[in-house]
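Coordinates in review
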Amino acid sequence: MGTALDLLDVDASLSEEERQIRAVVRRLVDDRVRPYVAGWYEDGQVPARELAREFGKLGLLGMHLTGYGCAGSSAVAYGLACLELEAGDSGVRSLVSVQGSLAMYAIWRFGSEDQKQRWLPAMAAGEAIGCFGLTEPDHGSDPASMVTRARRDGDDWVLDGAKMWITNAPVADVGVVWARTDEGVRGFLVPMDAPGVGRQEIRRKMSLRASLTGEIALDGVRLPADARLPEAVGLRAPLSCLTEARHGIVWGALGAARDCLETALSYATTRTQFGRPLAGFQLTQAKLADMAVEWNKGLLLALHLGRLADAGKLRPEQVSVGKLNNVREALAIARQCRTILGANGVSGEYPVMRHANNLESVLTYEGTSEIHQLVIGQRLTGLSAFA
Ligand SMILES: Cc1cc2nc3c(=O)[nH]c(=O)nc-3n(C[C@H](O)[C@H](O)[C@H](O)COP(=O)(O)OP(=O)(O)OC[C@H]3O[C@@H](n4cnc5c(N)ncnc54)[C@H](O)[C@@H]3O)c2cc1C
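One structure accompanies this document, and this report is about it. Here the residue numbering is sequential within each chain, running from 1 through the sequence in written order. Per-residue local features are limited, in this predicted model, to residues with pLDDT of at least 70; the limit for side-chain atom pairs, both in listing and counting, is 80 or more; totals at the level of whole chains, interfaces and linings are taken over all residues. As a rule here, side-chain values come from all non-hydrogen atoms in the structure, and water together with hydrogens is ignored.

Looking now at the site of the ligand. Around the ligand, the surrounding shell holds 17 residues, and the nearest of these are Thr-135, Ser-141, Trp-165, Thr-368 and Glu-370. Residue Glu-370 places a side-chain N or O atom 2.8 Å away from an oxygen atom belonging to the ligand. In the complex, 68% of the free accessible area of the ligand, which totals 970 Å², lies under the protein chains. Secondary structure elements follow DSSP: runs of H or I of four or more residues count as helices, runs of E of two or more count as strands, with numbering from the N terminus. Counting residues per element, the ones that place at least two in the shell around the ligand are strand S3 (156-167), helix H10 (352-364) and helix H11 (369-381). Considering every element that reaches the shell around the ligand, the biggest residue donor is S3, with 3 residues. Residues are classed as near a molecule or strand on a simple rule: at least one heavy atom within 4 Å of it. Identification of polar contacts relies on pairs of N or O atoms within 3.5 Å, with a donor-acceptor requirement for protein atoms, meaning one able to donate a hydrogen and the other able to accept it, and with residues adjacent in sequence counted only if both atoms are side-chain atoms. Working definition of accessibility: Shrake-Rupley area with a 1.4 Å probe, residue cover restricted to the visible protein chains.

The buried label applies to any residue whose accessible area, calculated with a 1.4 Å probe on protein chains only, is under 20% of its type's maximum; exposed applies above 50%, and partly exposed to all values in between. Here helix H3 (residues 48-57) has its buried residues at Ala-48, Leu-51, Ala-52, Phe-55 and Gly-56. Buried residues in H3, looked at end-on, bunch into an arc of 140°, giving them a common side. Those residues of H3 hidden inside the fold are in contact with helix H1 (16-32), helix H2 (37-43), helix H4 (75-88), helix H5 (90-110) and helix H6 (113-124). Taken from the residues just after H3, Gly-59 is the one with a positive phi, measuring 80°. Note: the arc covers the axis-to-C-beta directions of the helix. We call two residues in contact whenever any of their non-hydrogen atoms come within 4.5 Å of each other.

This next bit is on the environment of Arg-354. Relative to the assigned elements, Arg-354 resides in helix H10. Counting along the chain gives 267 residues from Arg-354 to Ala-87, while the straight-line C-alpha distance between them is 11 Å.

When a carboxyl oxygen of Asp or Glu lies within 4 Å of a side-chain nitrogen of Lys or Arg, that pair is called a salt bridge. One pass over the full model with this rule turns up 23 salt bridges. Notably, a salt bridge pairs Asp-182 with Arg-149, separated by 2.6 Å at the nearest N-O pair. Residue Asp-182 is found in the loop between strand S4 (174-181) and strand S5 (184-191), and its partner Arg-149 is found in strand S2 (residues 149-153); the two are separated by 33 residues along the sequence. The partner of Arg-222 in a salt bridge is Asp-153, and the shortest N-O contact between them spans 2.6 Å. With a gap of 69 residues between them, Arg-222 in strand S7 (residues 213-223) and Asp-153 in strand S2 connect regions that are remote in the sequence. Residues participating in the shared-partner salt-bridge network are Arg-26, Glu-84, Arg-258 and Glu-262.

Printed below as a string of structure tokens:
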């Protein structure tokens, strides 16, 4: 998009403002992410706070939310920003998605006015970082079985349990933590320095290494009554946050795929074997053509879903169609591009293997491919095959 890859002139159906936002984010990624990200990935580190402040200055955190210092952009503009961020690295996009679409959205949608005032302006500015704790060590795809518990003690709430695989947890100031209560699942704002909160970084990831992931232990964490998100009732609440974040992923995955495709195109035109550029071989062109077709189809799908979101008509199973297709195809593109680069494809000097490895996580989080197939299957058949 905005490149030779835009075979269908999708660019022309974007507004001037959408193109401008995209250009600003692309520049930011070129300056602040691209030159460093291979090193962050290798070291398994990322300057999350520094990046959050820079993203905050540009209005990228909670950018599709309104008020409280948020930019109030369209869903399509947010999607384009995710695409550009993920062209840098899926981990960097994850920082922004978890902050804006999971943690901030939960507070914005389900929080009290006091909670919104307390957290949203600071989070929009990148001065405070949030995380979203739904997954547990023994409960991933099936969050309804969560065992983390919140019980009343006088006016207070006391939380016990553990959350696992939580993006931003090692650096977060606040966690939106979902727990079972006598009345069903509820959400709580947990200051990450509260007594009884422990966190441990998950260090040996082979994917999404430029993203901080952690486990959160909750051991008798006492919170005041107003720590509960008053409007969040039942599992529907965290699932609606996931629908928000998945929309960003529908776009984001195309960014990783675009970076792979652009790398492979450039490599194939400059590397010669048998006396001609790799791009001159029919088999290479077939690969490039098939990948470009899938990428363009994915972009049309993302744009369609983004426009539905802006019209307030996007349904969860439609987001499942986008997440399932675009992440699956992005991963296939990354792997295919890897073959075009030959041995260089496995080198950290090129971004392709990093994107491919990252996309393995993107395939799994925010609902695995299988779970999205089940969501679509349920819509088609009227039968739930989850259990
Ligand atoms: C890098 C990273 C960051 C993450 N960040 C967060 C975060 O910020 N917050 C958060 O809450 N979680 C986060 N997650 C967790 C993620 O959402 C879960 O990993 C995901 O929901 C899958 O759960 P699981 O890993 O326990 O796999 P499981 O649920 O154990 O599934 C394992 C396999 O079985 C399949 N399976 C499960 N049930 C069914 C079924 N009914 N039918 C068919 N197949 C099925 C799955 O599709 C999968 O292939 C993150 C994960 C990763 C890898």
